[in-house]
Amino acid sequence: MPTPTDSTAAATSAEPDTTPSENPVIEFVDVEKRFGDNVVLKDLNFSVARGERVTLIGPSGSGKTTILRLVMTLEELTGGYIYIDGEALSHEDRDGRRVEVSKKAQKQLRTRIGMVFQQFNLFPNMTVLENITEAPIHVLGRSKKDAVAKAHSLLEQVGLPDKANAHPTSLSGGQQQRVAIARALAMDPEILLLDEVTSALDPEVVDDVLAILRQVAETTNVTMLIVTHEMAFAKDVSHKVMMFDGGHVVEEGHPDKIFSDPDEERTQKFLSAVLGNN
Amino acid sequence: MTSLNILAQEADEPVDPGGPWWDWAFAWDILPDMLLAFLQYTLVVTVTGTIIAAVLGLIIAILIMVLPKPLAWIVRWASNFIRMTPIVVQLILLFWGFLWLDALTIGIVVFGVHYATYMAEVYRAGIESVPQGQWEATTALSMNPVRTWRKVVIPQALRSTIPSLGNYAISMFKDTPFLYAIGVTEMVTLAVGEIGGTTFRYNEAVTIAGLIFLAASYPTAILINRLEKRLAYAH
């Protein structure tokens, strides 16, 4: 639940509030997402505080990945509002009408958000170094020297110091995903979206990738929105776990509570199925 | 053909259509003229035409994808129209429509534009073969459209289009005899119309023309093959 803000006392009314509160980094207000007639998310309201790490769990098709894709503007928002740092990401309420925000404003917000994909999505026609430095140089306008230095230190951090000049296709899946993490971090995102980042990996390299993400979580203040099936990882790194089913939040809370003593039967069933298969 | 009848009637002595099937001395005699015609017209039209087609084709493919719908529709149908009408018709139409332009220029433009519409289709397929995840990665990195096309989409699209582009270049090469329709004496016109028409010896000239085509096409095909391998990613 969004924390009430004390600065705007006048705005506190009983009506559903479409203006964002000031603290959350990400805020969903009455979000609806439909693909044609298929409603994936409906009346979704939640917020993520700065530096908070939130894991979304739930069965396939429950809309978890769609939430990340909406934040990254990879999907069009069909209803409601999403605010990043209090600013409208794709649509805003203007005198009671829902209007699209300018592309420029959206782009400005988007540079604060980074995403790591299930399928890595590295650029195969570029070297590892070029993959990591492309956006810092050409989007953020950093000098080549700084971007390269940062890329090398990130490669060090993800355990691939000698792969700067390799091409992605010559790397294993786990190595590619580590490069993809470095590429996302090179943009110094305020928000990092992790979309099933270990689902396409061989089991033996999953822990390497998760160890890197744990380290990122421990050493930075980056806000994370995580979709994963790795429950141990979710339990370790997240401040909050949200259980989804059918586009709704079934329950949310501290990982210790959700994983050991969930209130909802749906959550219990899901967890026993997932953990049982491990 | 009427021109041949006239030539035959005007000849003082009837030319002996017999004689040896192949005359080495005659072949040697006509070779320089044939090579010159090849370089002057066939090669010039093919090389400049291919460059125009490769560049314009890419522009057409991108325009169709990025323009607002009504404009994209116009470009697409103009491209379809050009692609689906015979190149000879286009040559003749433009030749008589733009009489102040010389025939060679008309030839280069028509070949370039006609094949651009084919190459646009190849590029389109190449662009569509770039995985959705690549586009999503450029969005996640906030790359602008120009950078996205130039550094991510086009390089990956080109990789799969090189073989088809090469084949169209060779195909254009073999279409150059159509230039006879606008009076350009390229190699085949020279062989059949001028040399064959005046001497009634066709074997040498036509065979040499064929061999020159082969000698030029084959290395081109090998070159394309090499390029294709070089563009493939290391595995």
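- As recorded in an unreviewed UniProt entry, chain B goes by the name Polar amino acid transport system permease protein, listed as coming from Garicola koreensis.
- As its UniProt record puts it under Subcellular location (unreviewed entry), chain B is described as follows: "Cell membrane".
- In UniProt, chain B has this text filed under Sequence similarities (unreviewed entry): "Belongs to the binding-protein-dependent transport system permease family."

- As recorded by an unreviewed UniProt entry, chain A carries the name Polar amino acid transport system ATP-binding protein and is attributed to Garicola koreensis.
- Of the comments in the UniProt record for chain A, the one headed Subcellular location (unreviewed entry) reads "Cell membrane".
- Comment text from UniProt for chain A, heading Sequence similarities (unreviewed entry), reads "Belongs to the ABC transporter superfamily."

1. Points about the pairing of strand S8 (residues 113–116) of chain A
The side chains of a regular strand alternate, first on one face of the sheet and then on the other.
Residues and elements named next belong to chain A.
And step 1. Along S8, one buried face is formed by Ile-113 and Met-115 and the opposite face, lined by Gly-114 and Val-116, is buried too.
And step 2. In this sheet, strand S9 (residues 191–195) lies alongside S8 in parallel orientation, the contact comprising 4 bridges. Bridging across to S9, Val-116 finds its partner in Leu-194.

2. Some thoughts on the sheet that holds strand S4 (residues 79–84) of chain A
Residues and elements named next belong to chain A.
And step 1. What the 4 strands build is an open sheet, ordered S2-S1-S4-S5; its pairing is antiparallel. The open sheet terminates on both sides in strands that have one partner only, identified here as strand S2 (38–49) and strand S5 (87–88).
And step 2. Pairing of S4 with S5, which is carried by 2 bridges, proceeds in the antiparallel orientation. Residue pairing across strands places Ile-84 opposite Glu-87, the latter belonging to S5.
And step 3. Contacting strand S1 (24–35), S2 and S4, helix H1 (residues 64–71) runs over the sheet at an angle of about 115 degrees to S1.

3. Focus: the UniProt feature "domain: ABC transmembrane type-1" (unreviewed entry) in chain B
And step 1. In the numbering used here, UniProt assigns the feature "domain: ABC transmembrane type-1" (unreviewed entry) to residues 39–224 of chain B.
And step 2. End-to-end, the C-alpha atoms of residues 39–224 of chain B are 21 Å apart, and along that stretch the chain is 83% helix and 0% strand.

Quick notes on the rules
Residues numbered from 1 in each chain as written. Chains lettered and ligands numbered in written order. Predicted model: local features only at pLDDT ≥ 70, side-chain atom pairs only at ≥ 80, totals over all residues. UniProt positions renumbered as here; feature names shortened; annotations may be inferred. Buried ≥ 20, exposed ≤ 12 C-beta atoms within 10 Å, placed from the backbone. Helix = DSSP H or I, 4+ residues; strand = E, 2+ residues; numbered from the N terminus. Pairing = 2+ DSSP bridges. Contact = placed C-beta atoms within 7 Å. Axes fitted to C-alpha atoms, helices over the stretch in contact; angles between N-to-C directions.

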